[in-house]
Amino acid sequence: QVQVVESGGGLVQPGGSLRLSCKASGIIFRLANMGWYRQAPGMQREEVATILSGGGTNYADSVKGRFFISRDNAKGMLYLQMNSLKPEDTAVYYCNAQRRSTAYDYWGQGTQVTVSS
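Our subject in this report is the structure included herewith. Model, not experiment: these values are computed from the prediction.

Some words on the nonpolar core
Moving on, step 1. Formed by 31 residues in total, the largest nonpolar core has its most connected members in Met-34, Trp-36, Leu-78, Leu-80, Met-82 and Tyr-93.
Moving on, step 2. Of all the secondary-structure elements, those providing two or more residues to this core are strand E3 (18-25), strand E4 (33-39), strand E5 (46-51), strand E7 (67-72), strand E8 (77-82), strand E9 (91-99) and strand E11 (111-115).
Moving on, step 3. Setting aside its immediate chain neighbours within four residues, Met-34 contacts Cys-22, Ala-24, Phe-29, Thr-50, Ile-51, Ile-69, Arg-71, Leu-78, Cys-95, Asn-96 and Ala-97.

Below is the structure:
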């Protein structure tokens with residue numbers, strides 16, 4: 001019943017920007033911890049940015065100052081604004097929703113971000 005769906009990925013040139021979106025349903029969104037993760041080919045999934053139910057944020061060192069995570073609780077939406085994109089940002093980006101009551105993670109299907117000239 002919980003559904004997490006990402007969108008907004010695509011092909012962008014180095015230095016460009018993209019905004020990813022995530023729609024989460026079937027949970028009380030405002031109470032959920034949310035995050036963006038990414039996985040490049042042959043690599044493990046890594047945390048990119050998180051935003052807690054209280055609004056606190058955390059970013060991976062590799063994206064700090066370039067990426068910005070935000071949420072719209074009224075719409076049940078999570079966003080990731082990605083600026084100054086680099087080829088090493090190329091990955092499948094996944095949206096994560098954590099039900100705090102059980103600490104259970106729900107994952108979206110992923111959206112491909114490719115940074116290339």
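A word on the pattern of salt bridges
Moving on, step 1. Enumeration according to the criterion identifies 3 salt bridges in this entry.
Moving on, step 2. In this structure, the salt-bridge partner of Arg-38 is Glu-46, at a minimum N-O distance of 2.8 Å.
Moving on, step 3. Its relative accessible area of 5% is what places Arg-38 among the buried residues.
Moving on, step 4. Owing to a relative accessible area of 35%, Glu-46 belongs among the partly exposed residues under this scheme.
Moving on, step 5. The salt bridge involving Arg-66 is made with Asp-89; its shortest N-O contact spans 2.8 Å. On the criterion of sequence distance, the pair formed by Arg-66 in the loop between strand E6 (57-59) and E7 and Asp-89 in the loop between E8 and E9 is long-range, its members being 23 residues apart. Residues Arg-66 and Asp-89 agree in their burial class; the two are buried.

Conventions used here
- Residues numbered from 1 in each chain as written.
- Predicted model: local features only at pLDDT ≥ 70, side-chain atom pairs only at ≥ 80, totals over all residues.
- Heavy atoms only, no water.
- Core = buried A, V, L, I, M, F, W, Y, C linked by side-chain atoms within 4.5 Å.
- Buried < 20%, exposed > 50% of the residue type's maximum accessible area, 1.4 Å probe, protein only.
- Helix = DSSP H or I, 4+ residues; strand = E, 2+ residues; numbered from the N terminus.
- Contact = heavy atoms within 4.5 Å.
- Salt bridge = Lys/Arg side-chain N within 4 Å of Asp/Glu carboxyl O.

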